[in-house]
Amino acid sequence: MRVLSGIQPTGNLHLGNYLGAIRNWVRMQDEMDSQSECFFFLADMHSITVAEEPAARIRHVRDMAAALIAAGIDPDRSVLFNQARVPAHAELCWLLNGTARIGWLNRMTQFKDKAGKNREGASVGLYVYPVLMAADVLLYQATHVPVGEDQKQHLELTRDVATKFNADFGVDLFTIPDPIIPKESARIMSLRDGTAKMSKSDPSDASRINLTDDDDAIMAKVRKAKSDQEMLPETAEGLAGRAEAANLVGIFATLSGESADAVCARFAGQGFGAFKPALGEVLVESLRPIRERFLALRGDDSALDAILQKGAARASAAAEPTLRAAYEAMGLMR
Ligand code: TYM
């Protein structure tokens, strides 16, 4: 098994990233046997599609590295690195630009969402973004890619690129990866709008729980979270058509390790005035240890840089044979 996944180091790690992806990364790392390897990286090359001051970009890479380690990624067991330190990603992306089709990229919903109405003014990087993602995955012959629901379409494109490259050049070079998407919590929604996903790019900080929020901030955000006037139902079926209520119950269930049905049964007949403080408690207790570890790690830039540098050396070595084989398959001398 080769597990690989990435996260953009823009802004804070939030509850959506944590429950949708990072918890799964940690679980997969912890269940690895000695034959398997995990690669986790900060997608700083992808983050150039978001305008940011260079100093903030560097700070965010360190922040996100500290957050991942605080959440349970062990840089001795997993290869943890930032993409910019491993130029093989950019190199393979260019090679795969010859394989990916414009029609495939035109179908990417994330590009449409992020470009909005001003498509002509969007950067080429935003458009080609999924090809870099394909390179990230295929470079390491990843078999399993743990992600949230919103990355599913990008991974389908990755599979298409791998299949077409292998067929076009008559090689059996790229492994076709499987996305690993959690059944629950694959899509954590905004606290202000149950139809929009929780996201770092939402201008309202009240829409998300950040892993750096302190206990009071978490309780206040949960108290203010949008809900409805109805009581909690006996079973999760009764949450149909109640996007905000379903999201809050889903978060509770994921954190407490229960089913949404069990959470409904416990709170049936009570309103959000009773449910929200209980949800706030579960959140505070789950996130406090991660925040405390984060704050301790974040104070030492040179230790974080050393971890990322070591990870990048391991990643470069692992990527090299596949990159070389891709050049060779295409008749490019290196
Ligand atoms: P990014 O940085 O947007 O998000 C990182 C991970 O968090 C998941 N996620 C969510 N899951 C559930 N509910 C939410 N509200 C939510 N918001 C985010 C995402 O699905 C993702 O798994 N393009 C990727 C980074 C990337 C990558 C890769 C991932 C670059 N190369 C190769 C896998 C493999 C991204 O922007 O994720």
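Residues numbered from 1 in each chain as written. Predicted model: local features only at pLDDT ≥ 70, side-chain atom pairs only at ≥ 80, totals over all residues. Heavy atoms only, no water.

J.: I'd like a description of the overall build of the protein chain, backed by residues and values.
T.: When you go through the protein chain residue by residue, the secondary structure sums to 12 helices and five strands. Taken over the C-alpha trace, the protein chain has a radius of gyration of 21 Å; the compact-globule value for 334 residues is 20 Å, and the two agree within 12%. For the protein chain, the spread of C-alpha atoms along the three principal axes comes to 70 × 45 × 40 Å. Burial statistics for the protein chain: of 334 residues in total, 50% are counted as buried. A fraction of 76% describes how many contacts in the protein chain between residues 6 or more apart in sequence connect residues 24 or more apart. As displayed, the protein chain offers around 15100 Å² of accessible surface, 53% of which is attributable to carbon and sulfur atoms. The protein chain carries 38 positive and 44 negative side-chain charges, and their two centres are separated by 3 Å. (Helix = DSSP H or I, 4+ residues; strand = E, 2+ residues; numbered from the N terminus. Rg over C-alpha atoms; globule rule 2.2 N^0.38 Å. Buried < 20%, exposed > 50% of the residue type's maximum accessible area, 1.4 Å probe, protein only. Contact = heavy atoms within 4.5 Å. Areas by Shrake-Rupley, 256 points an atom, 1.4 Å probe, with all protein chains shown as cover. Lys, Arg positive; Asp, Glu negative; His and termini not counted. Charge placed at Lys NZ, Arg CZ, Asp CG, Glu CD.)

J.: Help me get a handle on the site of the ligand, residues and values and all.
T.: Close contacts around the ligand come from 28 residues, with Gln 8, Tyr 129, Asp 136, Asp 150 and Ile 188 the closest. Within the contact set of the ligand, an oxygen atom lies 2.8 Å away from a backbone nitrogen or oxygen of Gln 8. A distance of 2.9 Å separates an oxygen atom of the ligand from a polar atom in the backbone of Gly 148. Isolated, the ligand exposes 720 Å² of accessible area, and the fraction of that covered by the protein chains is 97%. Those elements that place two or more of their residues in the shell around the ligand are β1 (2-7), α1 (15-31) and α6 (124-138). (Near = heavy atom within 4 Å. Polar contact = N/O pair within 3.5 Å; in protein donor to acceptor, adjacent residues only side chain to side chain.)

J.: How would you sum up the domain arrangement of the protein chain? Please name residues and give values.
T.: Taken domain by domain, the protein chain consists of domain 1 (2-186 + 301-329) and domain 2 (205-296). Of the residues lining the interface, 14 residues belong to domain 1; the matching set on domain 2 comes to 15 residues. Summed over both partners, the interface of domain 1 with domain 2 comes to about 1200 Å²; 68% of that surface belongs to carbon and sulfur atoms. At the boundary of domain 1 with domain 2, the tally comes to zero salt bridges. Here domain 1 is connected to domain 2 by four residue pairs in polar contact (both at pLDDT 80 or more). Those elements that provide at least two residues to the side of domain 1 that touches domain 2 are α1 and α2 (54-71). Here the side of domain 1 that touches domain 2 is composed, by residue class, of eight nonpolar, three polar and three charged. (Domains from an automatic or database assignment. Buried area = accessible area lost by both parts, 1.4 Å probe. Salt bridge = Lys/Arg side-chain N within 4 Å of Asp/Glu carboxyl O. Nonpolar A, V, L, I, M, F, W, Y, C, P; charged D, E, K, R; others polar.)

J.: I'd like to hear about the pairing of β1, residue by residue, with values.
T.: Pairing analysis gives six bridges linking β1 to strand β2 (residues 37-42), with the strands arranged parallel. Along β2, the bridge assignment pairs Leu 4 with Phe 39. In terms of handedness, the path from β1 via α1 over to β2 forms a crossover that is right-handed. (Pairing = 2+ DSSP bridges. Right-handed = clockwise from strand over helix to strand, strands pointing away.)

J.: Requested: an account of the nonpolar core, with residues and values cited.
T.: Formed by 56 residues in total, the largest nonpolar core has its most connected members in Ile 22, Phe 275 and Leu 283. Both domains that furnish three or more residues to this core are identified here as domain 1 (2-186 + 301-329) and domain 2 (205-296). The contacts of Leu 283, once residues within four sequence positions are left out, are Leu 15, Ile 209, Ile 218, Val 222, Ile 251 and Leu 255. The next biggest cluster of nonpolar side chains, apart from the first, holds 48 residues, and it includes Phe 39, Val 147, Ala 162 and Ala 312. (Core = buried A, V, L, I, M, F, W, Y, C linked by side-chain atoms within 4.5 Å.)

J.: Break down the packing of helix α3 (residues 88-96) against α6 for me, with residues and values.
T.: Packed helix pairs are specified by the crossing angle of their axes together with the interaxial distance, meaning the distance between the axes. Interhelical geometry of α3 versus α6 gives an angle of 120 degrees and a closest axis separation of 8 Å. The hand of the α3/α6 crossing is right-handed. Residue-level inspection shows His 89, Ala 90, Leu 92, Cys 93 and Leu 96 of α3 in contact with α6, the latter providing Val 128, Val 131, Leu 132, Ala 134, Ala 135, Asp 136 and Leu 138. Tallied by class, residues from the contact of α3 with α6 come to 10 nonpolar, one polar and one charged. (Axes fitted to C-alpha atoms, helices over the stretch in contact; angles between N-to-C directions. Left-handed = near helix turned anticlockwise from the far one by under 90°.)

J.: I'd love a proper account of the packing of α2 against helix α12 (residues 301-329), names of residues and values included.
T.: One way to put it is that α2 packs onto α12 with a least axis distance of 10 Å and a crossing angle of 80 degrees. As far as their axial angle goes, α12 and α2 are roughly perpendicular. Two secondary-structure elements touch here, α2 through Val 61, Arg 62, Ala 65, Ala 66 and Ile 69 and α12 through Asp 301, Leu 304, Asp 305, Ile 307 and Leu 308. Each residue belonging to the contact of α2 with α12 can be placed in one class, and the counts come to seven nonpolar, no polar and three charged. (Parallel < 35°, antiparallel > 145°, perpendicular 65-115°, else oblique.)

J.: Run through the pairing of strand β3 (residues 79-82), naming residues and quoting values.
T.: Side chains Val 79 and Phe 81 of β3 all project onto a buried face; the interleaved residues Leu 80 and Asn 82 project onto the opposite face, where all are buried too. Bridge count between β2 and β3: four bridges; the pairing is parallel. Looking at β3, one finds that Phe 39 is bridged to Val 79. The parallel pair β2 and β3, bridged by α2, forms a crossover whose chirality is right-handed.

J.: A description of α12 should follow, citing residues and the corresponding values.
T.: Here α12 spans 41 Å end to end across 29 residues, near enough to the 42 Å set by a 1.5 Å rise per residue. Burial in α12 covers these residues: Leu 304, Asp 305, Leu 308, Gly 311, Ala 312, Ala 315, Ala 318, Ala 319, Thr 322, Leu 323, Ala 326 and Tyr 327. (Expected span 1.5 Å × (residues − 1).)

J.: Could you give an account of the environment of Ala 220, naming the residues involved and the relevant values?
T.: Along the chain, Ala 220 falls in helix α8 (residues 215-224). For the pair formed by Ala 220 and Gly 280, sequence separation is 60 residues and the distance between their alpha carbons is 8.5 Å.

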